[in-house]
Amino acid sequence: MWAYESVFYQIYPLGFCGAPYENDGKLEHRILKVTDWIPHIKKVGANAIYFSPLFESDTHGYNTRDYTQIDVRLGNNEDFKKLCRDLHDNGIKVVLDGVFNHVGRGFQQFMDVCKNRENSPYLDWFHIDLNGNSNYNDGLWYEGWEGNYDLVKLNLRNEDVVNYLLDAVKYWIEEFDIDGIRLDVAYCLDFDFLRKLRSFCDSLKPDFFLVGEMLHGDYNQRMNDEMLHSATNYECYKGLYSSFNSMNMFEINHSLLRQFGPENWTLYKGKHLLSFVDNHDVTRVASILTNKRHLPLIYALMFGMPGIPCIYYGSEWGAKADKSQGDPALRPSFAKPEFNELTEFISKLSEAKKNSSALNYGDFTSVVLTNRQCIFRRKKNEESVFVAINADESEYIARADFGKSKVTDCISGDIIDVSNGFKMEPYSAYFLQ
């Protein structure tokens, strides 16, 4: 699967392109801005883009109005078709956000139910009680996602709803040649729906990638050979920044051993979760780390651990934003991309990751662990890469068996003599091959 050897770049299109929050109905060809960023995205080393919602919606993209149209604030379908061609010509895969659990109040079929009530052919598309009332005083009650009544929950047990969504997926595959879908709130989605989606996509495009938004619990319930290929690794997201802020590398190591370690009971051995240090829903990593010297190191740890690394636009040069400022602060429009020391370091991590079988497919073994240092080995067949992090302000001498006296650091290209221990500089990271 191509995704297991890729580096993802996440764009939240409505914010990235500077679109107004409310859908004003005015056609603006803003999505073409992404084309201008293609050289930067390639320079960072990403070879897949995950677009947060870009279908026609009421406001923020997750309240869909039409699954077959690009949001008018971003452009039209021809604009997006051109963008997909440009991305593919540059070797960049395209993954779209599939918000299949719920729709917006502006969704045509829901508006029909509000108007025609029991006479609507779409009454069973949703979870409706005609004897109740909604927060919007519709004269009927409906189930909203987690009590959010601008998000109208779809009835995924209704065959017409499932076929409608599958037809939309088919349209995006056949007309735009998209390469995958990220399933919003996948932890809510019906198992049978996910099975149908997987077999349907497999039949249309054998290497089509399905990744689900998962938060807690056992991801294997929905990430398996019949449903999703991958899931968002929220457990390690918390462990990554917390380990640096509390100077306790045992935390992230514990999560990685639990998920990928050598024991038989580990949860996700051989699986490829989507790894991230921030995204469109959480505080940016540059605003959450208490020591800015840890910023390159958290990326090295994320790229070195098992999984598919995903970079959120702007964070590759250290953009800041706090969740407490509201979602729009997390989803800004930048005039142009920046390239600094952090960006350059991430581009080196990307190249190391994409070119290493051990980093893409290798197992996980903890080798050295202290509060402020960790070294773990990724091994696939004959190739071993030791991911080494020193989060301390002082140098550290690591004693470990690296299999030979001299190793190559895949990040810097330096050859390092480890015969008398391995000297780790303060605030440093290495991928030793």
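Everything here concerns the structure above.
Residues numbered from 1 in each chain as written. Predicted model: local features only at pLDDT ≥ 70, side-chain atom pairs only at ≥ 80, totals over all residues. Heavy atoms only, no water.

(A) Fine view of the side chain of Asp79. Tracing the sequence through the fold places Asp79 in helix H3 (residues 77-89). Buried and unpaired, Asp79 has Lys82 as its nearest opposite-charge partner, separated by 8.3 Å. (Helix = DSSP H or I, 4+ residues; strand = E, 2+ residues; numbered from the N terminus. Buried < 20%, exposed > 50% of the residue type's maximum accessible area, 1.4 Å probe, protein only. Lys, Arg positive; Asp, Glu negative; His and termini not counted. Salt bridge = Lys/Arg side-chain N within 4 Å of Asp/Glu carboxyl O.)

(B) Just the nonpolar core, in detail. Counting 134 residues, the largest nonpolar core has Phe8, Phe51, Phe80, Leu183 and Tyr299 as the members making the most contacts within it. Counting residues per element, this core draws most heavily on helix H5 (residues 159-176), at 9 residues. Dropping the residues within four chain positions of it, Leu183 is found in contact with Gly98, Phe100, Leu189, Leu194, Leu197, Leu210, Val211, Gly212, Glu213 and Leu228. Within the second largest apolar cluster, 13 residues are counted, among which are Val368, Phe386, Phe402 and Ile416. (Core = buried A, V, L, I, M, F, W, Y, C linked by side-chain atoms within 4.5 Å. Contact = heavy atoms within 4.5 Å.)

(C) Region of interest: the sheet that holds strand E23 (residues 428-432). Strand order in this open sheet of 4 strands is E16-E17-E18-E23, and the pairing throughout is antiparallel. The sheet is open, and its two edges are formed by strand E16 (363-369) and E23, each paired on a single side. Averaged over all pairs of adjacent strands, the angle between strand axes in this sheet comes to 15 degrees, irrespective of strand direction. Pairing of strand E18 (residues 383-390) with E23 involves 5 bridges; the strand directions are antiparallel. Bridge pairing links Phe386 to Leu432 in E23. Lying over the sheet, helix H8 (residues 249-260) contacts E16 and strand E17 (373-380), oriented at roughly 155 degrees with respect to E16. (Pairing = 2+ DSSP bridges. Axes fitted to C-alpha atoms, helices over the stretch in contact; angles between N-to-C directions.)

(D) How the structure looks around the pairing of strand E5 (residues 93-98). In terms of residue burial, E5 counts as a mostly covered element, since 5 of its 6 residues are buried. Taken together, the 4 bridges between strand E2 (residues 48-51) and E5 define a ladder with parallel strand orientation. Across the sheet, the residue bridging to Ile49 is Val94, located in E5. As paired elements, E5 and strand E11 (residues 180-183) share 4 bridges and run parallel to each other. For Asp97, the partnering residue across the bridge sits in E11 and is Arg182.

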